[in-house]
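# Structural overview
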Amino acid sequence: MKGTVFHGPHDVRVERVDDPALQTPTDALVRITRAGICGSDLHFYHGAFPIEPGFVLGHEGVGVIEEVGSGVDRLKKGDRVVVSGLVACGRCFFCRRGQPSQCSESGSAVFGYGASSAGKLGWLGGEQSEAVRVPMADYTCYPLPAAIDDDAAVFLADILPTAYFGAINGNIRPGDTVAIFGCGPVGLCAVMSAKLFGPAEVIAVDSIPYRLELARKLGATPMSLENAQQAILDRTEGRGADVTIEAVGNEGALTAAIMAARGGGTVSVIGVFAAPSFNFPIGYAFARDLKFSIGLANINAHIPELSRLIASGTLDPRPLISHIMPLDDAAKGYEIFNARKDNVMKVLLKP
Ligand SMILES: [Zn+2]
Ligand SMILES: [Zn+2]
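So, here's what we can say about the structure. Bear in mind the structure is a predicted one, so any value in this text is a computation, not a measurement.

Taken together, the side chains of Phe280, Ile282, Phe292 and Ile294 make up a nonpolar region of the molecular surface, amounting to roughly 380 Å² of accessible area. Along the polypeptide, Ile294 turns up in strand 15 (residues 291-294).

Here's what the structure looks like:
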């Protein structure tokens with residue numbers, strides 16, 4: 001089959017790789033029909049997350065079940081599914097508590113991130129490919145209703161549950177002011193997710209005009225990064241935002257999110273940080289009674305409710321799609337996304 005193979009920074013190529021095959025009874029084989037390129041994939045592309053060359057990339061896939069192992073109970077050949085970026089068993093202590101990101105059976109394995117992120121599974125394929133082996137398939141795949149098309153479904157694999165997790169961790173209450181730092185695909189999914197919880201205003205902060213324009217269309221108040229701090233104070237009688245959400249994954253955005261939260265407010269971090277540590281203004285956070293939340297989203301646990309919200313028309317992530325390209329053009333998709341060319345937002349690949 002063909003897959004998008006990482007060769008090194010700024011060098012991904014679509015080429016022939018081994019066909020995946022079932023390895024354990026709880027595996028399923030999924031023929032991919034749509035895959036996303038994620039902002040976190042750009043960390044590899046930049047060389048910020050070193051992974052071994054030769055790995056197939058991609059952790060956002062939708063497809064059709066081609067084959068299931070004898071231990072798969074809830075899926076059958078021909079089912080349309082979204083594959084969660086996160087492999088989880090659905091049965092361990094953590095999965096039963098709704099925390100599949102801490103699954104003790106998979107070891108928090110993520111597709112397409114190289115061997116170091118394959119957890120206890122040792123090796124996991126990537127989904128920017130024609131097919132993928134899905135371990136623990138009953139809880140890692142989620143069958144899609146006909147009302148959700150492949151384009152919308154890709155968002156369920158990672159970025160929409162990630163953004164929703166960020167909104168839940170923010171503990172947004174009706175009437176709150178929420179400020180979201182970063183208007184990339186995850187930040188804009190956070191705009192949509194925050195609105196589910198009844199805030200009075202969602203302020204979307206970025207420095208790129210076309211991204212702010214899309215945030216405005218989604219019902220947020222757009223704000224340039226340089227003016228954000230003062231503007232947030234002005235709009236909250238000098239208090240700061242009740243909830244801030246960091247959706248970039250860098251220290252500048254995180255510091256801005258901390259400084260923009262009101263006393264007693266919550267800072268919720270969903271950006272993926274390539275740096276192993278950062279400067280945390282701990283004295284300031286202490287004095288301001290800030291609550292701080294960070295983590296790998298519990299994707300599998302949130303897919304069912306988000307799937308119902310998309311099927312009912314309450315949520316529609318498709319306005320975020322800027323490009324749908326053939327899988328063969330994946331290298332070009334990476335290049336466009338990385339360079340923010342062509343008003344790029346979400347790039348989908350079609351095998
Ligand atoms: Zn992703
Ligand atoms: Zn588990």
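Text resumes after the structure shown.
The next thing to look at is the coordination of the zinc ion (ligand 2). Donor atoms from the polypeptide that bind the zinc ion (ligand 2) are Cys89 (SG), Cys92 (SG), Cys95 (SG) and Cys103 (SG), placed at 2.3 to 2.4 Å. Of note, the zinc ion (ligand 2) draws all its donor residues from one chain, in the sequence arrangement C-x2-C-x2-C-x7-C. Of this pair, Cys92 sits in the loop between strand 6 (86-87) and helix 2 (93-96) while Cys103 sits in the loop between helix 2 and strand 7 (109-110), placing them eleven residues apart in sequence.

Of note, the phi angle at Asp289 is positive, near 55 degrees, even though the residue is not glycine. Judged by relative accessible area, which is 54%, Asp289 ranks as exposed. Here Arg340, not a glycine, exhibits a phi torsion of approximately 50 degrees, which is positive. With respect to the element layout, Arg340 can be found in the loop between helix 12 (330-339) and strand 17 (346-350). Assessed through its relative accessible area of 47%, Arg340 is described here as partly exposed.

What follows covers the packing of helix 5 (residues 159-169) against helix 11 (residues 299-311). Their axes nearest at 9 Å, the elements helix 5 and helix 11 cross at an angle of 100 degrees. By the criterion of interaxial angle, the relationship of helix 5 to helix 11 is roughly perpendicular. Taking contact as the criterion, the partners of Leu160, Pro161, Tyr164, Phe165 and Ile168 in helix 5 are, on helix 11, Ile299, His302, Ile303, Glu305, Leu306 and Ile310. Considering only residue class, the contact of helix 5 with helix 11 consists of nine nonpolar, one polar and one charged.

Here is what the cut-offs are and how they apply
Residues numbered from 1 in each chain as written. Chains lettered and ligands numbered in written order. Predicted model: local features only at pLDDT ≥ 70, side-chain atom pairs only at ≥ 80, totals over all residues. Heavy atoms only, no water. Patch = residues over 30% accessible without salt bridge, like charges linked within 9 Å, V, L, I, M, F, W, Y side chains within 5 Å. Areas by Shrake-Rupley, 256 points an atom, 1.4 Å probe, with all protein chains shown as cover. Salt bridge = Lys/Arg side-chain N within 4 Å of Asp/Glu carboxyl O. Helix = DSSP H or I, 4+ residues; strand = E, 2+ residues; numbered from the N terminus. Donors = N, O, S within 2.8 Å, 3.2 Å for Na, K, Ca; no water. Buried < 20%, exposed > 50% of the residue type's maximum accessible area, 1.4 Å probe, protein only. Axes fitted to C-alpha atoms, helices over the stretch in contact; angles between N-to-C directions. Parallel < 35°, antiparallel > 145°, perpendicular 65-115°, else oblique. Contact = heavy atoms within 4.5 Å. Nonpolar A, V, L, I, M, F, W, Y, C, P; charged D, E, K, R; others polar.

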